[in-house]
Amino acid sequence: AQSVTQPDIHITVSEGASLELRCNYSYGATPYLFWYVQSPGQGLQLLLKYFSGDTLVQGIKGFEAEFKRSQSSFNLRKPSVHWSDAAEYFCAVGAAEYGNKLVFGAGTILRVKS
Amino acid sequence: GAVVSQHPSWVICKSGTSVKIECRSLDFQATTMFWYRQFPKQSLMLMATSNEGSKATYEQGVEKDKFLINHASLTLSTLTVTSAHPEDSSFYICSAIKRYTDTQYFGPGTRLTVL
C-alpha cells in the first residue's frame, strides 16, 4: 500500500536557522514527489516537485528537496528560515500509473521563533 | 500561472439542505480534478477523481449519492453535498491537473459548516 510518513508533527526553529523537514514514502510505482505548504484556512501551494532527473530540486521561496531512492526519502530543506515560513508542510506522492492521485503525509507544522 | 479558484470560500447551511461548491481552473485546462476533505489538524483525504465528460470515481468509503460530482467542462467541476448533516462540516479542497502535465494545483478551499 502507498503511504507517506512525515515523522515530525511540529518543528520549531529560530528565524535565520536552517530547516529540514523529513518525508519517507512507500510506493508501488516510480513516484512523483511533491512538497506543498498550507497557511491556516488556505489551500495548498506547490513548493517543488520531483518527477525524474536531477535528484536535488529547487523550489520557490528558497526551498529545495533531495530525492534519495535508497532511503525512500524526499526531505525538504531551507538554509535560512524566515518568520513568514511558519505554516504547515505536506509531502505527497503520486504516479501516473495510479491516475496521478496523491497520497499525503500527515503534515509538519513549522513554527518560527524570533 | 496555474490558478484554481473555489466558490464559495465558506458556507453555513442548515441540516438537510444541499450545498454546491465550484472548482474552476482559471488559466488552464484540466481534464482531471480531484476533491479532498480535510478535518481540523489533519491531512487531506481524497474523496473522488473527476474527469471531464465522464462519471467521477469515488474513493472507498465515500458515499457517491451524498457527494455528487459533475465535471461539466475542462475548467469547471462541482461538488454538491446533498442533505448535509453536521458531520459533513469540513474543509473541502479541490485540485486540478494542468493538461499535459502531472502536477496538481490546489484551490483555496471551502469551509462548510452545517448547523
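Given the structure is predicted, the values throughout are model-derived calculations rather than measurements. (Residues numbered from 1 in each chain as written. Chains lettered and ligands numbered in written order. Predicted model: local features only at pLDDT ≥ 70, side-chain atom pairs only at ≥ 80, totals over all residues. Heavy atoms only, no water.)

Participant: I keep staring at the overall build of chain A and nothing clicks. Help me out?
Facilitator: Regarding its fold elements, chain A presents zero helices and twelve strands. The C-alpha radius of gyration computed for chain A amounts to 14 Å, which stays within 12% of the reference 13 Å derived for 114 residues, consistent with globular compactness. By its C-alpha atoms, chain A is 45 × 30 × 20 Å across when sized along the principal axes. The buried share among the 114 residues of chain A stands at 47%. Here chain A holds 10 positive side-chain charges and 9 negative ones, and the gap between their average locations is 3 Å. (Helix = DSSP H or I, 4+ residues; strand = E, 2+ residues; numbered from the N terminus. Rg over C-alpha atoms; globule rule 2.2 N^0.38 Å. Buried < 20%, exposed > 50% of the residue type's maximum accessible area, 1.4 Å probe, protein only. Lys, Arg positive; Asp, Glu negative; His and termini not counted. Charge placed at Lys NZ, Arg CZ, Asp CG, Glu CD.)

Participant: Would you take a moment to explain the sheet that holds strand β1 (residues 4-7) of chain B for this structure?
Facilitator: Strands in a sheet are paired, the pairing made by backbone hydrogen bonds, and the direction either parallel or antiparallel. Residues and elements named next belong to chain B. Spatial ordering of the open sheet is given by β1-β3-β8-β7, a layout of four strands whose pairing is antiparallel. For this open sheet the edge positions go to β1 and β7 (67-73), each flanked by a neighbour on one side alone. Pairwise comparison of adjacent strand axes, ignoring direction, gives a mean angle of 15 degrees for this sheet. With five bridges joining them, β7 and strand β8 (residues 76-81) adopt antiparallel strand pairing. Directly across from Leu68, in β8, lies its bridge partner Thr80. (Pairing = 2+ DSSP bridges. Axes fitted to C-alpha atoms, helices over the stretch in contact; angles between N-to-C directions.)

Participant: Sorry if this is basic, but what is going on with the interface of chain B and chain A here?
Facilitator: How large an interface is tends to be reported as the accessible area lost when its parts come together. Contact with chain B, which involves 19 residues of that partner, is made by 20 residues of chain A. Interface area, chain B with chain A, both sides summed: about 1,500 Å², of which 54% is carbon and sulfur. At the junction of chain B with chain A, the criterion picks out one salt bridge. A:Lys101 is the salt-bridge partner of B:Glu59, the closest N and O atoms lying 2.8 Å from each other. There are seven residue pairs in polar contact (both at pLDDT 80 or more) connecting chain B and chain A. Looking at the side of chain B that touches chain A, the elements with two or more residues in it are β4 (32-38), β5 (44-51), β9 (90-97) and β10 (104-106) of chain B. Looking at the side of chain B that touches chain A residue by residue, the class counts come to ten nonpolar, seven polar and two charged. (Contact = heavy atoms within 4.5 Å. Buried area = accessible area lost by both parts, 1.4 Å probe. Salt bridge = Lys/Arg side-chain N within 4 Å of Asp/Glu carboxyl O. Polar contact = N/O pair within 3.5 Å; in protein donor to acceptor, adjacent residues only side chain to side chain. Nonpolar A, V, L, I, M, F, W, Y, C, P; charged D, E, K, R; others polar.)

No statement about biological role is implied by the geometric values presented.
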